[in-house]
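Chain by chain, the residues run as shown.
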Amino acid sequence: MKLNINNHKAGLVTLVALAVLALSLTFAVVRLFDIDRDLRTEDTHANLWMISQAQFEAALAAESLARYAAGEEFSNVEQAPPFRLSILVSRMAVLLEGSQADVIRKVGLLGDMKAAYLMLTLAEPLVERRMTPEEATGLRMQVRELSSILRDAANEVMLINRTDVASKRAMYLQVVLESLVFLLGIVLSAAFLLVKLFRGVQEASQAKQLLRQEQELSDLVINNVSNQGIVLFDEKLECLLWNPGMENLLSVSPGDAIGRRMQDLDPLFSKPDMVRSLNLAVEGTSTVFEDETTGDATQERCLEINCFPVSMAERKLGIAFLRDVTEQWLARKQAERQNFDLEIKVLQRTAALRQAERRLIAAIESAAEGFAAFDWTGRLLFANEQIWAAAPVALWCWEEMSLPIFLRCFAMCEGADHRLLVAQPPFEEIEVDVLIKKDVWAHLSVTKADGATIFVRLTDISAYKQVATALQSALERERETTNAYRNFVSMVSHQFRTPLAILDSSAQRILRRSADLSPEELTTRIQKIRNAGSRLTRLVESVLNAAKLDAGRIELNPEPCDLVHLVVDLGERQSELNAHSTIRFDVPESPVPVYCDPTLIEQVFINLLSNALKYSGEDPVVEIKVWTEGARAFCSVRDWGIGIPGDELPKIFDRFYRARTASGIAGTGIGLNFAQRIMHMHGGEIQVESYEAEGSLFTFDLPLSNVDQAQQAA
Amino acid sequence: MRYVRLLGMLALLLGWACTAQAQEPLPQPKGPVLLIVSGRLQQANVGTEAQFDREMLEALGQTSIATVSVTSAAKQLFEGIPLRRILERVGGNGTSIRASALNDYKITIPVDDLKYEPIVAMRVDGQMLKVRDKGPLWVVYPRDSYDALQTPVYDARWIWQLNRLHVE
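Residues numbered from 1 in each chain as written. Chains lettered and ligands numbered in written order. Predicted model: local features only at pLDDT ≥ 70, side-chain atom pairs only at ≥ 80, totals over all residues. Heavy atoms only, no water.

Section: the domain arrangement of chain A
By the assigned domains, chain A splits into domain 1 (1-223), domain 2 (225-324), domain 3 (367-460), domain 4 (469-549) and domain 5 (555-713). Each of domain 2 of chain A and domain 5 of chain A has a C-alpha centre, and these two points are 129 Å apart. (Domains from an automatic or database assignment.)

A short note on the pattern of salt bridges
All names here are of chain A. Taken as a whole and assessed by the stated rule, the structure comprises 28 salt bridges over all chains. Across the salt bridge formed by R67 and E72, the nearest N and O atoms sit 2.7 Å from each other. By relative accessible area, E72 is classed as partly exposed at 35%. Salt bridges linked by common partners bring R31, D34 and E178 together as one network. (Salt bridge = Lys/Arg side-chain N within 4 Å of Asp/Glu carboxyl O. Buried < 20%, exposed > 50% of the residue type's maximum accessible area, 1.4 Å probe, protein only.)

What about unusual backbone geometry?
One non-glycine residue with positive phi stands out, namely S251 of chain A, at about 60 degrees. Residue placement: S251 of chain A occurs in the loop between α7 (244-250) and α8 (254-257). Since its relative accessible area comes to 65%, S251 of chain A is described here as exposed. One non-glycine residue with positive phi stands out, namely E117 of chain B, at about 55 degrees. (Helix = DSSP H or I, 4+ residues; strand = E, 2+ residues; numbered from the N terminus.)

A closer look at the packing of aromatic side chains
Enumeration according to the criterion identifies 14 aromatic pairs over all chains in this entry. Where W49 of chain A meets Y105 of chain B, the ring centres are 5.2 Å apart and the plane angle is 55 degrees; that geometry is what we call tilted. Of this pair, W49 of chain A sits in helix α2 (residues 44-69) while Y105 of chain B is found in the loop between β5 (96-101) and β6 (106-110), placing the two residues in two different chains. Judged by its relative accessible area of 22%, Y105 of chain B is partly exposed. (Phe/Tyr/Trp six-rings, centres within 6.5 Å; stacked < 30°, edge-to-face > 60°.)

Describing the interface of chain A and chain B
Contacts between the two partners involve 17 residues from chain A, matched on the other side by 14 residues from chain B. Each partner contributes to the roughly 1,300 Å² buried at the junction of chain A and chain B, and carbon and sulfur atoms together form 54% of this total. Across the contact surface, chain A and chain B share 4 residue pairs in polar contact (both at pLDDT 80 or more). Where the side of chain A that touches chain B is concerned, the elements lending two or more residues are α2, α3 (81-95) and α5 (110-128) of chain A. Among the elements that make up the side of chain A that touches chain B, the one with the highest residue count is α3 of chain A (7 residues). Tallied by class, the residues present in the side of chain A that touches chain B amount to 6 nonpolar, 5 polar and 6 charged. (Contact = heavy atoms within 4.5 Å. Buried area = accessible area lost by both parts, 1.4 Å probe. Polar contact = N/O pair within 3.5 Å; in protein donor to acceptor, adjacent residues only side chain to side chain. Nonpolar A, V, L, I, M, F, W, Y, C, P; charged D, E, K, R; others polar.)

Now the structure itself:
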């Protein structure tokens, strides 16, 4: 490109030089022609000469007229006035026509000249005739006058000439200088062109030499490349060059090949592919292809043929390089065959693998448990429908599922721990039970297989959980029962032993001292034995009652009855039995009809009242209150006894449970439990409010009977 | 080309020289003598000179040239006798001709100029030339026909009031 620009520049400079040369030549020639024209037109000397000629003729005419006036005879016609006058007239005429007239006008004597000419013309006929000497003398004077006019004219013209000559000299000088400049231009540009020419010739000869060297080099290369055939050809596919490599390949010597059509040299060049490539090369397109000659194993040959366009000496030629690549070709064919076999094998294996994979996926899909696989970065590889259907996943995983996201879905389930929240690659193995929705427990297990794939299994363990829960509750019941049994045994061993010991000691006393015993003492002793007996009976009854209740053998026979009457009657009876006690009643005047089994409610009330008395020390004070509220009747028993510790309050209705404040006071721990269960059977409940050392308040409620409700409504 | 023309000219001159021998002698002029030819002649009628009156000149055959001139920008018709014919008639044998006018103006006309076929005009625009208007004889070149003639050198050879030719 740079070379091109340089070439353009050089061409431009040459053009400029040529233009300068041409312009200089033109201007110089034009100036010279100008001068030539000037010299040709301005004939000022001729003007002066003509004026002087006319003046001379005027003088001759005047002389001739003078001689005629003096009466002289003329032997020569040419000296006679008519002849001289004619000559003078002709000379005057010359002065009055063409460029001479312009000069005369310039000196301002044209009018005088014309007048003189007219005078002479008028005088001509007079002179032809015989004129008188006077007339001749007059004419002579006029001619003399003309002569002096002509002299003046000559003077003037001479002066004009002088100034003209001066200006012309200046002009010529300028022209000479200009011409010198043009000449300089001509010389310089011509010198430049000559230098250019010289250098061009020099470069051309250098280029030619370089070309020859290159030619020699390429010939050397072409002729010594024996492993590659090189052939140069023209558009008629005639061979122009045929190197020894071609001879090795096709067994045609260069001498036989050059100048002949290539199709005639070897059948190779008649193949359609080959002909097309050769023609393309000549048209300017490169091609590469391989020509395979198949036959038996010894004749198999493969030639790699490269065809390129070549432009040489303005001719479009083609060059083809032929290389024997049989070995590579055979190796490639072998490799292709092996490749093909391998591909078939790969396809077969792939198909088998696909089938196995399909089976596996089908198995996983049909499995009851959820299954998913992730790669070691936590990217999901596979997940079956059960995974997608799992409640947390279906609810929370609407973005692309990865293992951390998947685990986080489960983090809010019951049973989950923080490991599910912080799971990051590399993931740890996790085993956890989670409650994925109501009553559905699942076992979530994250395991790593060969350190790369992470498997997640989600197994529904609701059934196991239910069984486990049932087992747990059964176990607890069992534990309770054992506990109750143990309590019962301790209670029995304690509560039964005391009356038995009283019985035994009383009986021993009576036996040992039977003789000494006074009747009072005996009575006392027997009374003690009876008391102990009745106490044992009560104990047995209460145990039996509890057993009956447990066995469901207590029947509820509800009937309308008056709660106030029931309570007051029982209270008064108790008051009689226990002389020290004070029982206060706060009950309405009117009866409070309730619907209950009076026998059972009596037992409840007696239990509560006896407890109140029993845990109130020496002088118990008990307050009994009955009231109604809405459709229910309430009855409360209040004492100011030892009270129940706050932490033991919830347990006092358990069977055989006794508060620690109750130690040392006889009791089975069955009573309250029994009473509460009876109240539950009536659809009511015993409420307790108690403070240690402050006393207790037990309240139970019963439904008011319908009749009374109807009455109240009426 | 010029050499060819020159050779042709020489051949013509030779031919003319041969034929001139056969010319009959010049008669004596009867009217006023208009032209005197002298110098290297083969024919003479008065001493060594050949003198021509109007009749003799007109007898040599007339031709015409229409051209502009230094004295007239308008084209004028000049009628007269070819100079070549006059020289042939007297057997003029030289390389140049010295022409003189009535006022003794002299100019040399090379014989070579005959290639332009100049004439000795006697009439201009049909009017007989008199002494007062550059007559009676006027050498006229066909100025318009040749660019070479349009120079002061040739203009100066248009000698008028011609009365003598001297062949040298």
